[in-house]
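What follows is each chain in one-letter form.
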Amino acid sequence: MSDYIIEMNHITKRFPGIVANDDVSIKVKKGEIYALLGENGAGKSTLMSMLFGMYEPDEGEIIIRGQKVKILSPSHATELNIGMVHQHFKLVSNYTIAENIIMGMEPVKKHLGFIKSVDIKKANQEILELSRKFGLEVDPTKVIEDVNVSIQQRVEILKMLYREAEILIFDEPTAVLTPQEIEFLLEIIKGLRKDGKTIILITHKLEEIKKVADRCAILCRGKLIAVLDVAATDTKTMANMMVGREVSFTVDKKEPKFGREILKVENLTVKNEDKFDLVKDVSFTIHAGEIFVIAGVSGNGQVELADAVAGLLKHSAGRVILNGADISNYTIRRRNLAGISYIPEDRHNVGLVMDFSLSDNLALKNYFEEPFSGKGIVREGEFAAYGERLIREYDIRSSQGNNTIVRSMSGGNQQKAIIAREIELGSDLMIFVQPTRGLDIGAIENIHRQIVAQRDAGKAVLLISLELDEVMNLADTIGVIYNGEIQKIADAKTLTPGQVGEFMMGVGHK
Amino acid sequence: MKKKNGLIQKIILSTIGHEKRQTYMIPVFSILISLIVGAVVIAFLGKNPFLAYYNLLQGSGLAPKASYAGYKGIITDFASFLNALTPMLFAALSVIIALKAGLFNIGVSGQMLAAGFTATILIGYSVLPAAVAKPLVVVIGFVMGALVGALVGYFKHKFNINEVVSTIMLNYIIQYIVSFFINTFYVDPVSRQSKTVGAAGRLTLTDVVIGSYKMDIPLGILLAAAGIVVTAFLLKKTTLGFEIKAVGSSVRAAEYAGIRVGRTRVLAMMLSGGFAGLAGVTYYVGYFASIQPRVLAGTGYDAIAVALLGNSSPVGIVFSSFLITVISKGSTYMSSASGVQPEIASAITGVVLLFSACGAFVKYKVDRWKEER
């Protein structure tokens, strides 16, 4: 019976407005690498968060080593020898590696019999041994902020091993790594299996699963689609299952009529604070009446690319040309006025002032212009009239109309408000970053229609999407980004979803 | 345990649970709790808390005292109360404007001192006629405060120095520099304070005889009333006010909307400092006519309580300034009449600050309870 170390039976977890996991059952054998595959929002992380005690399932049971358990908290999970490396590392950046690893269970020594202090020498020694044992060499005395991401990840892994975890959960461990680092990590994961650890790998990268996993569960929109033996299945089948066989609603789209060149991006490079290239030498052009989709797996530089075009991030090299004018040195406001509308990825912190009223948010980008204000004095009547018109035309639903505080609105209506505002700016270039993320199917369909309508009205549309079917449905031209570099730019009709998927994973042939 | 909580929850919910009433019910709630706490303390000292509170009103000219000296009456006390109220109003406006931009101006006291000192030495000791001197004092006060405020804003913008740290540090710097100059050049050997400023520049008309009473009339109170209107207008009706509020609510969203965050912060701090400057001149070149070296006015700190208690609204602070000034101004009389030390009054002010600072938490907690029901 207890061939399985983990059994999660009939797990259901609901969040307001969404079923994150719908009757999901998985069984993991001791000593195997078990992959969880699925698109963004398919419910992989939620499922593992329940195993790690961060959420409680609404329905279903969890059985660890043959015993039914209720995992109350991450520390409870740690007691059960379960460890998790989160997508965003949970490290104290000004502590040393050793301090981060031992935190919460420090070896203590006593002076004069009663004054306690952390025995950091002993800790350093222990960690050095531990890291050698698993081939994860680190210098325990280095401070976290001085080491790179891949070392930080090793620290996270060591943290689990130090706590004697038997079951190791990796949440999208390769999203932040370079290809070489990924290779190394996968070797480490295999090594851990050899040491008898059980590993659960959350990912949406098929190549990785193919390389290391024994079995693979595919989740789609909260439901378990299949559990496959990786060796006996090819990546194409897995990709099909991951995207979902169900007919994805297609968007009515006429043949595109390309007009003049609106946006031209030349050799754009964006660096982060560590001088690491997030966007590398990217060039493309978008014409009036064209939907240009940048497809890619999350964290490959696409958001930074959009931010750089909109002026929210400074680029270190290259040029951004809008309607023939070089806008590289323009401020954000000047870019907006020059004709850029931007629907940002983070609608809560960037797209909206959450504590402002709906009408103030709808006028957020033109409050300073006629007729909304004159000589520095705002005209509340104009705000109200404009707000009412947009609420009506874009069907934005809220409890108190114009005066509703945006924070209290639903995500779908918040997004409608942003899209209404940005469309009404009448800009030549519309940038949409993951406009449908987290929304329900009705809202998604609506937004897709608006995007196509903008194209047909002669706008240039730059759409950044992580969803393969969104890419295939909407794109006139597809540019695939991987690791900050454009892998391929082609007419959408010449590419199959499979090919796009391969380029997204960085394995396509140029 | 659970049941007891339930009862308290019910009582609290029925009073401050209603969304619309929360804006003023929560401050009223914190004042009530503070007064109760104060009463308990006074009772522990063996004094009658009701009498003590009545003394506060008497001392502020809001209730008649048992007897008055010659030329004095309730109206005299009230005029004196208005003298103390004026700088408090300006100081609270200063705190509000900074708060709206998401900045915490702890340096109101320092800005007050810088402005008050500059106006004292440039105009207060001069022989200019009143018609020139008084407006100049106001202008110099505003400009000096605005300069200090702008410096804080610039540090925040350019070097990302937290305004709480820079304003506290500036408080010390200003305090010691000013006391150096006073002790070296402007000290009055008898009072050990700076020499008294001339009547021409002073913003309070002293010993004005009206009927059978002599009183000190603060001209600044009219300016403060105008300041309240201007601030309300600025925040509600101007594009700058819109930008200040946007930056204060969400820096990233403001930036995305094309608002220049740094410029907005510097401007907000300038205005905040400017109002602090006006508080300074109405305090040091009005209510008082000299500066005590090495001491910062408590007004600048009390103003934070006032602003929070007044829900950071220009209208709200009228009420909260009134209350806090009654407590601080009336404390002297309270101590002489019922023997309760004036420090108790400061303690009550402190408790008000404590509870009003909890306002956001109370609101959050009450909203949670409502959801659970």
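Computed from a predicted structure; not experimentally measured.

(A) Inspection of the pattern of salt bridges at higher detail. Residues and elements named next belong to chain B. Enumeration over the complete set of coordinates arrives at 34 salt bridges over all chains. Note that glutamate 243 and arginine 263 form a salt bridge whose closest N and O atoms lie 4.0 Å from each other. Remark: arginine 263 occurs in helix 11 (residues 261-287) and glutamate 243 occurs in helix 9 (residues 239-249); sequence separation between them is 20 residues. Judged by its relative accessible area of 10%, glutamate 243 is buried.

(B) Region of the structure containing the interface of chain B and chain A. With 18 residues of chain B in contact, the opposing surface of chain A contributes 27 residues. Area buried by chain B at its contact with chain A is led by Thr239, Phe242 and Tyr256 of chain B, which between them contribute 40% of it. Salt-bridge contacts for glutamate 380 of chain A lead to lysine 236 of chain B; the nearest nitrogen and oxygen are separated by 3.7 Å. Where chain B packs against chain A, one counts twelve residue pairs in polar contact (both at pLDDT 80 or more). Listed by contribution, the elements that provide at least two residues to the side of chain B that touches chain A are helix 8 (220-237), helix 9 and helix 10 (251-256) of chain B. Broken down by element, the residue count for the side of chain B that touches chain A peaks at six residues, all from helix 9 of chain B.

(C) Examining the sheet that holds strand 15 (residues 290-295) of chain A more closely. Residues and elements named next belong to chain A. Pairing within the open sheet is mixed, and its six strands lie in the order 18-21-22-15-23-24. Each edge of the open sheet carries a strand with a single partner, namely strand 18 (340-343) and strand 24 (485-491). Each adjacent strand pair in this sheet contributes to an overall mean axis angle of 15 degrees, direction not counted. Contacts from helix 9 (residues 302-310) reach strand 15, strand 18, strand 21 (429-433), strand 22 (460-465) and strand 23 (477-482), with the element oriented near 150 degrees to strand 21. In this fold helix 17 (residues 497-504) packs onto strand 15, strand 23 and strand 24, with an angle of close to 30 degrees to the strand it touches most, strand 23.

(D) Representation of the packing of aromatic side chains in the model. Tallying each qualifying case throughout the model produces 24 aromatic pairs over all chains. Between phenylalanine 78 of chain B and phenylalanine 81 of chain B, the aromatic rings sit 5.8 Å apart at their centres with planes inclined by 25 degrees, giving stacked as the arrangement. With phenylalanine 78 of chain B and phenylalanine 81 of chain B both in helix 4 (residues 74-100) and three residues apart, this pair spans about one turn of that helix. Accessibility expressed as a relative area gives 27% for phenylalanine 78 of chain B, which makes it partly exposed. A relative accessible area of 0% means that phenylalanine 81 of chain B is categorised as buried. Seen in terms of ring centroids, phenylalanine 90 of chain B and phenylalanine 275 of chain B are 6.3 Å apart; in terms of plane orientation they differ by 25 degrees. Their pairing is stacked. Of this pair, phenylalanine 90 of chain B sits in helix 4 while phenylalanine 275 of chain B sits in helix 11, placing them 185 residues apart in sequence. Given a relative accessible area of 0%, phenylalanine 90 of chain B falls into the buried group. Look at phenylalanine 275 of chain B and you get buried, because its relative accessible area is 7%. Members of the aromatic cluster, each reached through a chain of ring pairs, are Phe356, Tyr367, Phe368, Phe372, Phe383 and Tyr386 of chain A together with Phe242 of chain B. The ring of tyrosine 330 of chain A has arginine 334 of chain A sitting right over it, with the charged end atom 3.8 Å from the ring centre. Lying over the aromatic face of tyrosine 333 of chain B, lysine 65 of chain B brings its terminal NZ or CZ to 4.6 Å of the ring centre.

(E) Representation of the sheet that holds strand 10 (residues 198-203) of chain A. All names here are of chain A. An order of 6-9-10-3-11-12 is seen for the six strands of this open sheet, with the pairing classed as mixed. One side of each edge strand has no neighbouring strand; the edge strands of this open sheet are strand 6 (82-85) and strand 12 (223-229). Pairs of neighbouring strands in the sheet enclose a mean axial angle of 20 degrees, with direction left out of account. Along the sheet, helix 1 (residues 44-51) contacts strand 3 (33-37), strand 6, strand 9 (167-171), strand 10 and strand 11 (215-220); its crossing angle with strand 10, the most-contacted strand, is approximately 150 degrees.

(F) Quick peek at the packing of helix 4 of chain B against helix 12 (residues 299-309) of chain B. Residues and elements named next belong to chain B. Where helix 4 contacts helix 12, the axes come no closer than 8 Å and their chain directions differ by 65 degrees. Handedness of the crossing formed by helix 4 with helix 12: right-handed. Here Pro87, Met88, Ala91, Ala92, Val95, Ile96 and Leu99 of helix 4 lie close against helix 12, whose contacting residues are Thr299, Asp302, Ala303, Ile304, Val306, Ala307 and Leu308. Of the residues in the contact of helix 4 with helix 12, the class split is twelve nonpolar, one polar and one charged.

(G) Main features of helix 13 (residues 380-393) of chain A. All names here are of chain A. Between its first and last C-alpha, helix 13 extends 20 Å over 14 residues, near the 20 Å set by a 1.5 Å rise per residue. Inspection of helix 13 places Phe383, Tyr386, Gly387, Leu390 and Ile391 among the buried residues, and these make up the whole buried set. Around the axis of helix 13, the buried residues are gathered within 135 degrees of arc, so they sit on the same side. Along helix 13, the residues that are exposed and aim more than 90 degrees away from the buried face are Gly381 and Arg392.

(H) Region of interest: the pairing of strand 12 of chain A. Direction of pairing for strand 11 of chain A relative to strand 12 of chain A: antiparallel, over a ladder of six bridges. Counterpart to isoleucine 218 of chain A in the pairing with strand 12 of chain A is alanine 226 of chain A.

(I) Examining the side chain of serine 166 of chain B more closely. All names here are of chain B. Positionally, serine 166 belongs in helix 7 (residues 163-186). A relative accessible area of 7% means that serine 166 is categorised as buried. In this view, serine 166 contacts Val152, Phe155 and Ile161; residues no more than four positions away in its chain are not counted.

(J) Quick peek at unusual backbone geometry. That bond from glutamate 370 of chain A to proline 371 of chain A is cis: its omega, -5 degrees, falls within 30 degrees of zero. Notably, aspartate 395 of chain A is not glycine yet its phi reads approximately 55 degrees, a positive angle. Along the chain, aspartate 395 of chain A turns up in the loop between helix 13 and helix 14 (411-424). With phi around 50 degrees, serine 312 of chain B is a residue other than glycine that occupies positive phi space. Positionally, serine 312 of chain B belongs in the loop between helix 12 and helix 13 (316-338).

(K) View of the nonpolar core. In this structure, Leu263, Phe284, Ile396, Leu429, Ile431 and Ile478 of chain A are the most contacted members of the largest nonpolar core, which totals 90 residues. Considering every element that reaches this core, the biggest residue donor is helix 9 of chain A, with six residues. If near-sequence neighbours (up to four positions away) are discounted, isoleucine 478 of chain A is found in contact with Val293, Ala295, Val471, Met472, Lys488, Ile489, Ala490, Ala492, Leu495 and Val500 of chain A. In this structure, Ala52, Val148, Val197 and Met269 of chain B belong to the second largest nonpolar core, which totals 75 residues.

(L) Structural detail: the environment of leucine 47 of chain A. All names here are of chain A. The topology assignment puts leucine 47 in helix 1. The buried category is assigned to leucine 47, whose relative accessible area is 0%. The residues contacting leucine 47, other than those within four sequence positions of it, are Met8, Ile11, Asn21, Val24, Ile26, Leu36 and Leu219.

(M) Seen up close, the packing of helix 4 of chain B against helix 8 of chain B. Residues and elements named next belong to chain B. Interhelical geometry of helix 4 versus helix 8 gives an angle of 20 degrees and a closest axis separation of 9 Å. In terms of orientation, helix 4 lies roughly parallel with respect to helix 8. The hand of the helix 4/helix 8 crossing is left-handed. Between helix 4, through Leu82, Leu85, Thr86, Leu89, Phe90, Leu93, Ile96, Ile97 and Lys100, and helix 8, the contact on the second element is made entirely by Gly220, Ile221, Leu223, Ala224, Gly227, Ile228, Thr231, Leu234 and Leu235. When the residues that make up the contact of helix 4 with helix 8 are grouped by side-chain class, the tally is 13 nonpolar, four polar and one charged.

Calculation rules
Residues numbered from 1 in each chain as written. Chains lettered and ligands numbered in written order. Predicted model: local features only at pLDDT ≥ 70, side-chain atom pairs only at ≥ 80, totals over all residues. Heavy atoms only, no water. Salt bridge = Lys/Arg side-chain N within 4 Å of Asp/Glu carboxyl O. Helix = DSSP H or I, 4+ residues; strand = E, 2+ residues; numbered from the N terminus. Buried < 20%, exposed > 50% of the residue type's maximum accessible area, 1.4 Å probe, protein only. Contact = heavy atoms within 4.5 Å. Buried area = accessible area lost by both parts, 1.4 Å probe. Polar contact = N/O pair within 3.5 Å; in protein donor to acceptor, adjacent residues only side chain to side chain. Pairing = 2+ DSSP bridges. Axes fitted to C-alpha atoms, helices over the stretch in contact; angles between N-to-C directions. Phe/Tyr/Trp six-rings, centres within 6.5 Å; stacked < 30°, edge-to-face > 60°. Lys NZ or Arg CZ within 6 Å of the ring centre and 35° of its normal. Left-handed = near helix turned anticlockwise from the far one by under 90°. Nonpolar A, V, L, I, M, F, W, Y, C, P; charged D, E, K, R; others polar. Expected span 1.5 Å × (residues − 1). Arc of directions from axis to C-beta. Core = buried A, V, L, I, M, F, W, Y, C linked by side-chain atoms within 4.5 Å. Parallel < 35°, antiparallel > 145°, perpendicular 65-115°, else oblique.

Read these as spatial facts, not as claims about activity.
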